Amino acid sequence: MAKIILAGGSGFIGQILAGHFTGKGDEVIVLTRNSNSTTGNVKYVHWDGQTMGAWVNELEGSDVLINLTGKSVNCRYNEKNKKEIFSSRLNAANVLGKALNALSSLPPLWINAASATIYRHAEDRPQDEYTGELGTGFSVDVCKQWEATFFEQDVPGVRKIGLRIAIVLGKNGGAMPYFFNLAKFGMGGRQGNGRQYFSWVHENDFTAIIDFFIAHKELEGIFNVSSPNPIKNSEFMATVRKSVKVPFGLPATKWMLEIGVWALRTETELILKSRWVIPTKLIQAGYKFKVENIERAVRLSGGR
């Protein structure tokens, strides 16, 4: 039985991992801003994500630390939210590095979640870990500093892996309920010009990839966590419409999306940026994807 620490593990991805590891009989401890509690086989321990505290004792003798901490980017990019998006990520990486150096028995593996949005808007060629070009702007700056802060932590003897994660598709949250609802109400057409690429990974592969990293002790550094088969937005929305048996969907132009995201308190970048990301290093390492096509991924995520 392994002892798994999920820092900031209360969200969609954290709950996927918690269910996965407890399903294997592992001990799971989630560091959360909420109060101490226990739900099923998951122990929730309070931390503030920036200062040392009693939570540090939970890391002692653990096998894997997975850091998922960060304010959601699904918000308006005003100055207050921008500051919190940065500070929540950088403070957590810093204090976790400090905590690890205070332990007598360190976890041999520290995985830090980040985002595939670090690459530029790409409609001309795919972006991988070797030849991908980093983009510009607020979201990219967040990713750059997030990764830099993580890898700057000097923790001898701890293997570090940084994840550039595409959109995770799954049944109990994340992006899919939003897309299903759009399609069901006749608004599931292309978004923008529909040519922007949609990079994704199904939750079954996400958990299997984490297991792969744990098992393959020779792996470290940056990895793209995405399906090898990204598709264009227009094709993705067509797949979603088919899954809910709605043959037609109104397209959403950029100006329509601007109004919609203002009402939803989010940003058009999350929809219109072309993320054409390929997991070259994972494939080279020998990982075999379980869910390779978008039709199956949508079906497994609640479609028909």
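Refer to the structure above for everything that follows.
This report concerns the structure included in the present document. (Residues numbered from 1 in each chain as written. Predicted model: local features only at pLDDT ≥ 70, side-chain atom pairs only at ≥ 80, totals over all residues. Heavy atoms only, no water.)

**A word on the overall build of the chain**
Scanning the chain from terminus to terminus reveals eleven helices and twelve strands. For 304 residues, the compact-globule estimate of 2.2 N^0.38 gives 19 Å, and the C-alpha radius of gyration of the chain, at 19 Å, lies within 12% of that figure. Summarising its shape, the C-alpha atoms of the chain cover approximately 60 × 40 × 40 Å along the three principal directions. Relative to its 304 residues, the chain shows a buried fraction of 54%. Split by element, the accessible area of the chain, about 13700 Å² in all, is 53% carbon and sulfur. The chain carries 36 positive and 28 negative side-chain charges, and their two centres are separated by 7 Å. (Helix = DSSP H or I, 4+ residues; strand = E, 2+ residues; numbered from the N terminus. Rg over C-alpha atoms; globule rule 2.2 N^0.38 Å. Buried < 20%, exposed > 50% of the residue type's maximum accessible area, 1.4 Å probe, protein only. Areas by Shrake-Rupley, 256 points an atom, 1.4 Å probe, with all protein chains shown as cover. Lys, Arg positive; Asp, Glu negative; His and termini not counted. Charge placed at Lys NZ, Arg CZ, Asp CG, Glu CD.)

**Looking at the pairing of strand 5 (residues 64-67)**
Put simply, side chains in a regular strand alternate between the two faces of the sheet. Both faces of strand 5 are covered, namely the face carrying Val64 and Ile66 and the face carrying Leu65 and Asn67. In this structure, strand 1 (residues 3-7) lies alongside strand 5, joined through four bridges in parallel fashion. Residue pairing across strands places Ile4 opposite Val64, the latter belonging to strand 5. Pairing of strand 5 with strand 6 (residues 109-115) involves four bridges; the strand directions are parallel. Residue Asn67 lies in a different strand from strand 6, and its bridge partner there is Asn112. Each parallel crossover has a hand, and for strand 5 linked through helix 3 (residues 79-100) to strand 6 it is right-handed. (Pairing = 2+ DSSP bridges. Right-handed = clockwise from strand over helix to strand, strands pointing away.)

**A short note on the packing of helix 3 against helix 4 (residues 138-152)**
Packed helices, taken two at a time, are described by their axes: the angle between them and the distance between them. Viewed as axis vectors pointing N to C, helix 3 and helix 4 meet at an angle of 15°, and their least axial separation amounts to 9 Å. Classified by the angle between their axes, helix 3 and helix 4 sit roughly parallel to one another. At the point where helix 3 passes helix 4, the crossing takes the right-handed sense. Here Lys82, Ile85, Phe86, Arg89, Leu90, Ala93 and Asn94 of helix 3 lie close against helix 4, whose contacting residues are Phe138, Asp141, Val142, Gln145, Trp146, Thr149 and Phe150. (Axes fitted to C-alpha atoms, helices over the stretch in contact; angles between N-to-C directions. Parallel < 35°, antiparallel > 145°, perpendicular 65-115°, else oblique. Left-handed = near helix turned anticlockwise from the far one by under 90°. Contact = heavy atoms within 4.5 Å.)

**Looking at helix 6 (residues 203-215)**
End to end, helix 6 covers 18 Å across 13 residues, agreeing with the expected 18 Å (1.5 Å per residue, within 8%). The set of residues buried in helix 6 consists of Glu203, Asp205, Phe206, Thr207, Ala208, Ile209, Ile210, Phe212 and Phe213. (Expected span 1.5 Å × (residues − 1).)

**Some points on helix 4**
A rise of 1.5 Å per residue sets the reference length of helix 4, with its 15 residues, at 21 Å; its end C-alpha atoms lie 21 Å apart and thus fit the reference within 8%. Looking at helix 4, one finds that the buried residues are Phe138, Ser139, Val140, Val142, Cys143, Trp146, Glu147, Thr149 and Phe150.

**Here we look at the side chain of Arg241**
Inspection of the secondary structure puts Arg241 in helix 7 (residues 233-243). It is Glu235 that comes nearest to the buried, bridge-free Arg241 among opposite-charge side chains, at 11 Å. The contact partners of Arg241, leaving out residues within four places of it in the chain, are Ala183, Gly188, Gly189, Val246, Pro247, Phe248 and Gly249. (Salt bridge = Lys/Arg side-chain N within 4 Å of Asp/Glu carboxyl O.)

**Examining the pattern of salt bridges**
Taken as a whole, this structure holds nine salt bridges when the rule is applied. A salt bridge links Lys80 to Glu84; the nearest nitrogen and oxygen atoms lie 3.0 Å apart. In this pair, Lys80 and Glu84 are both assigned in helix 3, four residues apart and thus about one turn of the helix distant. Using a relative accessible area of 57% as the deciding quantity, one classes Lys80 as exposed. According to the relative accessible area criterion, Glu84 is partly exposed, its value standing at 30%. Residue Glu133 pairs with Arg120 through a salt bridge whose shortest N-O separation is 2.4 Å. Placement of Glu133 in the loop between strand 6 and helix 4 and of Arg120 in the loop between strand 6 and helix 4 is noted, with a sequence separation of 13 residues between them. Looking at Glu133, the relative accessible area reads 37%, which means it is partly exposed.

**A short note on the side chain of Lys160**
Secondary-structure assignment places Lys160 in strand 7 (residues 159-165). At 6.9 Å, Asp154 is the nearest oppositely charged side chain to Lys160, a buried residue that forms no salt bridge. Within the local environment of Lys160, its side chain forms a polar contact with the backbone oxygen of Gln153, the two atoms lying 2.5 Å apart. What Lys160 contacts, discounting residues up to four positions off in sequence, is Trp110, Phe150, Phe151, Glu152, Gln153, Glu220 and Gly221. (Polar contact = N/O pair within 3.5 Å; in protein donor to acceptor, adjacent residues only side chain to side chain.)

**Focus on the nonpolar core**
Judged by nonpolar contacts, the single largest core of 33 residues is most densely connected at Ile66, Ile111, Leu163 and Phe213. Per-element tally for this core: the top contributor is helix 6, with six residues. The residues touching Leu163, leaving out its near neighbours within four places in the chain, are Ile111, Asn112, Ala113, Ala114, Ser115, Phe206, Ile210, Phe213, Phe223 and Val225. Formed by 20 residues, the second largest nonpolar core is a distinct cluster that contains Ala7, Val45, Leu100 and Phe150. (Core = buried A, V, L, I, M, F, W, Y, C linked by side-chain atoms within 4.5 Å.)

**Remarks on a nonpolar patch on the surface**
On the surface, Phe185, Met187, Phe248 and Leu250 cluster together into a nonpolar patch covering about 470 Å² of accessible area. Of note, Leu250 is situated in the loop between helix 7 and helix 8 (254-264). (Patch = residues over 30% accessible without salt bridge, like charges linked within 9 Å, V, L, I, M, F, W, Y side chains within 5 Å.)

**Considerations on the sheet that holds strand 4 (residues 42-46)**
Across the sheet, eight strands lie side by side as 3-4-2-1-5-6-7-11; this open sheet has mixed pairing. Two strands bound the open sheet, and with one partner strand each, they are strand 3 (37-39) and strand 11 (221-225). The sheet shows a mean angle of 20° between the axes of neighbouring strands, direction not considered. As defined by bridge partners, strand 7 adjoins strand 11 across five bridges and the pair is classed as parallel. Bridging across to strand 11, Gly162 finds its partner in Ile222. Sitting on the sheet, helix 1 (residues 12-23) is in contact with strand 1, strand 2 (27-32), strand 4 and strand 5, with an inclination near 170° to strand 1. Along the sheet, helix 6 contacts strand 5, strand 6, strand 7 and strand 11; its crossing angle with strand 7, the most-contacted strand, is approximately 160°.

By themselves, these figures tell us nothing about what the structure is for.
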